[in-house]
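Fold and contact review
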Amino acid sequence: MLSLMLSMMFSSLLWPLAAPARAESQGAPDAPILAITRGGESRTLSLREIEETGLRHVEMRHPEGLEGRFSGVNLDDFLAANGLDEARRVRFIADDGYTTFLTPAERREKRYLMVTRLDGEPIGPDQFGPLMLVVPEEAEAVLAGTAPLTRWIWALREVSAR
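A word on the overall build of the protein chain
- Per the secondary structure count, the protein chain includes five helices and 11 strands.
- For the protein chain, with 162 residues in total, the buried portion stands at 40%.
- Of the contacts formed within the protein chain by residues at least 6 apart in sequence, a portion of 57% connects residues at least 24 apart.
- Accessible surface computed for the protein chain: about 8800 Å², of which carbon and sulfur atoms make up 52%.

Examining a negative patch on the surface
- Side chains of Glu59, Glu67, Asp119 and Glu121 sit close together on the surface and give a patch of like negative charge.
- Take Asp119: it is sitting in the loop between strand 7 (113-118) and strand 8 (121-122).

As for the environment of Pro122
- Its place among the elements puts Pro122 in strand 8.
- C-alpha separation for the pair Pro122 and Pro29, spaced 93 residues apart in sequence, amounts to 8.8 Å.

Thoughts on the sheet that holds strand 11 (residues 156-161)
- Spatially, 2-1-11-5-6 is the arrangement adopted by the five strands of the open sheet, whose pairing is mixed. At either end of the open sheet lies a strand with only one pairing partner, and these are strand 2 (41-46) and strand 6 (99-102). Across this sheet, the average inter-strand angle for adjacent strands is 20°, counted without regard to direction.
- Across five bridges, the pairing between strand 5 (residues 90-94) and strand 11 is antiparallel. Among the inter-strand pairings, Arg91 is bridged to a residue of strand 11, identified as Ser160.

Here's the deal with the confidence of the model for the protein chain
- Here the protein chain averages 85 in pLDDT, and 83% of its residues register 70 or above.
- Every residue in residues 1-26 is under pLDDT 50, and counting partners more than four places away or in other chains gives 15 contacts.

Here we look at the nonpolar core
- Membership of the largest hydrophobic core comes to 39 residues, with the highest contact counts inside it found for Leu34, Ile50, Leu75, Phe78, Phe92, Met114 and Val159.
- Top element by residues in this core is strand 7. It accounts for four residues.
- Discounting residues that sit within four places of it in the chain, Ile50 has contacts with Ile33, Leu34, Leu45, Val73, Phe78, Met114, Thr116 and Leu131.

Some details on the side chain of Ser71
- Topologically, Ser71 is positioned in strand 4 (residues 67-74).
- The exposure class of Ser71 is buried, given its relative accessible area of 2%.
- Here the side chain of Ser71 touches His57 through a polar contact of 2.6 Å, side chain to side chain.

Each value, and the rule that gives it
Residues numbered from 1 in each chain as written. Predicted model: local features only at pLDDT ≥ 70, side-chain atom pairs only at ≥ 80, totals over all residues. Heavy atoms only, no water. Helix = DSSP H or I, 4+ residues; strand = E, 2+ residues; numbered from the N terminus. Buried < 20%, exposed > 50% of the residue type's maximum accessible area, 1.4 Å probe, protein only. Contact = heavy atoms within 4.5 Å. Areas by Shrake-Rupley, 256 points an atom, 1.4 Å probe, with all protein chains shown as cover. Patch = residues over 30% accessible without salt bridge, like charges linked within 9 Å, V, L, I, M, F, W, Y side chains within 5 Å. Salt bridge = Lys/Arg side-chain N within 4 Å of Asp/Glu carboxyl O. Lys, Arg positive; Asp, Glu negative; His and termini not counted. Charge placed at Lys NZ, Arg CZ, Asp CG, Glu CD. Pairing = 2+ DSSP bridges. Axes fitted to C-alpha atoms, helices over the stretch in contact; angles between N-to-C directions. pLDDT = per-residue confidence, 0-100. Core = buried A, V, L, I, M, F, W, Y, C linked by side-chain atoms within 4.5 Å. Polar contact = N/O pair within 3.5 Å; in protein donor to acceptor, adjacent residues only side chain to side chain.

Have a look at this one:
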């Protein structure tokens, strides 16, 4: 009985996280897929809103096995469009709780891409979507094990700034 109750509680906690990704994968480009938090204020963005800053494309192989044409928005452009570019530190949070942080200095060192599509299609949860943060110029080095994977994040659900 306790096991069933815990399972139900856990499922109900995960539902809000999984629902936006499912909505997007079912063809709802205006469904919320990413939370943006700054201070005490929070709002959500849809795929369409995220992609308004313009898509960039790169052919690469992702360390998790995905390969093809990755499309997305330049991270600095996205942060600027959402008033987060001057933040001392930006936090990126995945569905599983994995977190990585970037400072403005770290963002100047490399070009980050917030991936929204693979081969022209929105990224589904089965492909580590709906969003990913990658460093295309480091893809080969990450695959070879000569560059760290710590700044890469997939199943991205929230961007938070301080």
